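Here's the letter readout for the chains.
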Amino acid sequence: MNRIFSGMQPTRQLHLGNYLGALRNWVALQDGFECIFCVVDLHALTLPQDPAALRRNIREVTAAYIAAGIDPERCIIFAQSSVAAHSELSWILSCHTPLGWLNRMTQFKDKVGKKALENAMLGLYAYPVLMAADILLYKATHVPVGEDQKQHLELSRDIAGAFNRHYDRAFFPLPEPQILGDATRVMSLRDGSKKMSKSDESDYSRINMTDDADLIAVKIRKARTDPEPLPDTLEALVKRAEADNLITIYAALAGISRAETLAQVAGQQFSQFKKDLADLAVAKLSPINAEMNRLMADPAEIDLILRRGAERAGTMAAGHLDEIKDVIGLLRL
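Predicted, not measured: the structure shown is a model, and the values here were computed from it.

Participant: I keep staring at the packing of helix H3 (residues 51–68) against helix H13 (residues 299–328) and nothing clicks. Help me out?
Facilitator: Packed helices, taken two at a time, are described by the angle their axes make and the gap between the axes. Closest axis-to-axis distance for the H3/H13 pair is 10 Å, and the angle between their directions is 80°. As far as their axial angle goes, H13 and H3 are roughly perpendicular. Across the interface between the two elements, Ile58, Arg59, Thr62, Ala63 and Ile66 from H3 touch Pro299, Ile302, Asp303, Ile305 and Leu306 from H13. For the contact of H3 with H13, the class distribution of residues is seven nonpolar, one polar and two charged.

This is the structure:
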């Protein structure tokens, strides 16, 4: 069976964009793939972290995985830092990765921004190599990716190919991007030109997976819109970013196309549409929120799931890492 690897960082709260753009798609993958879902806590260290908050966030992301429908009996769920082979393989692969490849990574340039390059951390620069190690350590054949991760997956394929050519053997599979249906790109509720983000200063810009029903309804009611009624064609949404975003969210939650959504709501004022959207969002997200709260009330249950997942992942990783050491000529004494 083909093997999936993917993960989310435990940095702040997961939100509706994480759920619609990635997490619910992972749930659908369980039937057709061997799935490994990681809480990539080592990647989170590229930003300053409060230790207590980081521990809570690791558990909260794990709870979100399970509450959304990922079955820890059918899939492997674990924290990246619990399997040391990730870091070890990252170093090995960094010795097969030209600097020129990393210099082309646009996310590093975007995140460093106007800061002096001298102040940028090595971990942020080498982040794509660790991501490649995460994927290749398990010989994953497919990786669910969004637009912002496509370049990193391409680098993972380049590194795998370079390793295979250097040692003249097809050791690593070249992981393929896995895209299910229409990609759902959820934008900020306060600015339809910006992606919904954990880092946005305004909590009203996003719907967090921990928000209760009342808060979800308030955030949707306060979402930015325009004064015109909803149109009847997708073309008419092109220059109406906030309307387009709310239609996208409704369609994704309802499991229908954006065109079908417009056929149902064309001509409506936003006051009525927002009420319907709030009811739909609450119906879909409240059960997930309730299960997350149940799990977070019992950290021992989450820790047990992570520990069992780390044992399963660690066994697979150790076997593959031993093979890699044999290939490159390191002693296993």
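Participant: In this structure, what is going on with the nonpolar core? I would like to understand it.
Facilitator: Considering soluble globular proteins, one finds that nonpolar side chains tend to be buried as a cluster. Leu23, Tyr65 and Phe273 are the most contacted members of the largest nonpolar core, which totals 60 residues. Not counting residues within four places of it along the chain, the set of residues in contact with Leu23 comprises Met8, Asn18, Ala64, Tyr65, Ala68, Ile70 and Met209. Ranked by size, the runner-up nonpolar core spans 45 residues in total, among them Val83, Val112, Leu136 and Ala160.

Participant: What is the right way to read the pattern of salt bridges from this model?
Facilitator: Note that side chains of opposite charge can pair when their charged atoms are close. Enumeration over the complete set of coordinates arrives at 17 salt bridges. We note a salt bridge from Lys219 to Asp211, for which the minimum N-O separation is 2.7 Å. Residues Lys219 and Asp211 agree in their burial class; the two are buried. Measuring nitrogen to oxygen at the nearest pair gives 2.9 Å for the salt bridge that ties Glu291 to Arg294. Of this pair, Glu291 and Arg294 are both found in helix H12 (residues 270–296), three residues apart, which corresponds to roughly one turn of the helix. By sharing partners, the salt bridges in this structure join Asp203, Arg206, Asp211 and Lys219 into a single network.

Participant: Help me understand empty space enclosed by the protein, please; the structure alone is not making it clear to me.
Facilitator: If a probe as big as a water molecule is rolled over the atoms, it shows which places are left empty. Per the stated rule, a full pass over the model turns up one cavity of 30 Å³ or more. Lining the largest cavity, in full, are Met105, Gln107, Phe108, Lys111, Leu124, Tyr127, Pro128 and His152. Among the secondary structure elements, those contributing two or more residues to the lining of the largest cavity are helix H6 (106–112) and helix H7 (122–136).

Participant: I keep staring at the side chain of Asn164 and nothing clicks. Help me out?
Facilitator: Its place among the elements puts Asn164 in helix H8 (residues 150–166). We classify Asn164 as buried; its relative accessible area is 12%. Those residues within four positions of Asn164 in sequence are excluded, and the remaining contacts are Arg169, Ala170, Phe171, Phe172 and Leu174.

Participant: Where do I start with the packing of helix H9 (residues 213–221) against H12 in this structure?
Facilitator: Contact geometry for H9 and H12: axes closest at 9 Å, N-to-C directions at 145°. Crossing angle aside, the handedness with which H9 passes H12 is right-handed. The segment H9 lies against H12, with Ala213, Ile216, Ala217, Ile220 and Arg221 engaging Lys274, Leu277, Ala278, Ala281, Val282, Leu285 and Ser286. In terms of residue class, the contact of H9 with H12 is made up of nine nonpolar, one polar and two charged.

Participant: I keep staring at the pairing of strand E1 (residues 3–8) and nothing clicks. Help me out?
Facilitator: Walk down a regular strand and you will see the side chains alternate between the two sheet faces. Counting buried positions along E1 yields five of six residues, so the element is predominantly enclosed. Chirality of the crossover, the property in question, places the unit of E1, helix H1 (residues 16–29) and strand E2 (residues 34–39) among those that are right-handed.

Participant: Looking at this model, I keep getting lost on the environment of Ala278. Mind explaining?
Facilitator: For Ala278, the position within the fold is in helix H12. Along the primary structure Ala278 and Ala28 are separated by 250 residues, whereas in three dimensions their C-alpha atoms are 24 Å apart. Setting aside residues no more than four positions away along its own chain, Ala278 makes contact with Ala217 and Ile220.

Participant: Hey, could you run me through the environment of Thr233 in this one?
Facilitator: Here Thr233 is to be found in the loop between H9 and helix H10 (241–254). You can call Thr233 partly exposed: its relative accessible area is 33%.

Participant: So what exactly am I meant to see when it comes to the pairing of E2 here?
Facilitator: Of all six residues in E2, five are buried; the element is thus mostly enclosed. Looking at chain direction, E2 and strand E3 (residues 76–79) are connected through four bridges and run parallel. Each bridged residue has a counterpart across the sheet, and for Cys38 the counterpart in E3 is Phe78.

Participant: Would you explain unusual backbone geometry in this entry?
Facilitator: If you check the backbone angles, Lys139 has positive phi at about 50° while not being a glycine. Counting through the fold element by element, Lys139 comes out in the loop between H7 and strand E4 (142–144). A positive phi angle, near 55°, is found at Asp168, a position not held by glycine. Inspection of the secondary structure assignment puts Asp168 in the loop between H8 and strand E5 (176–178).

Definitions and cut-offs
Residues numbered from 1 in each chain as written. Predicted model: local features only at pLDDT ≥ 70, side-chain atom pairs only at ≥ 80, totals over all residues. Heavy atoms only, no water. Axes fitted to C-alpha atoms, helices over the stretch in contact; angles between N-to-C directions. Helix = DSSP H or I, 4+ residues; strand = E, 2+ residues; numbered from the N terminus. Parallel < 35°, antiparallel > 145°, perpendicular 65-115°, else oblique. Contact = heavy atoms within 4.5 Å. Nonpolar A, V, L, I, M, F, W, Y, C, P; charged D, E, K, R; others polar. Core = buried A, V, L, I, M, F, W, Y, C linked by side-chain atoms within 4.5 Å. Buried < 20%, exposed > 50% of the residue type's maximum accessible area, 1.4 Å probe, protein only. Salt bridge = Lys/Arg side-chain N within 4 Å of Asp/Glu carboxyl O. 1 Å grid on protein atoms, 1.4 Å probe; cavity = no way out; pocket = protein on both sides within 12 Å on 5 of 7 lines; lining within 4 Å. Points joined across faces, edges and corners; volume = space filled by probe spheres on them. Left-handed = near helix turned anticlockwise from the far one by under 90°. Right-handed = clockwise from strand over helix to strand, strands pointing away. Pairing = 2+ DSSP bridges.

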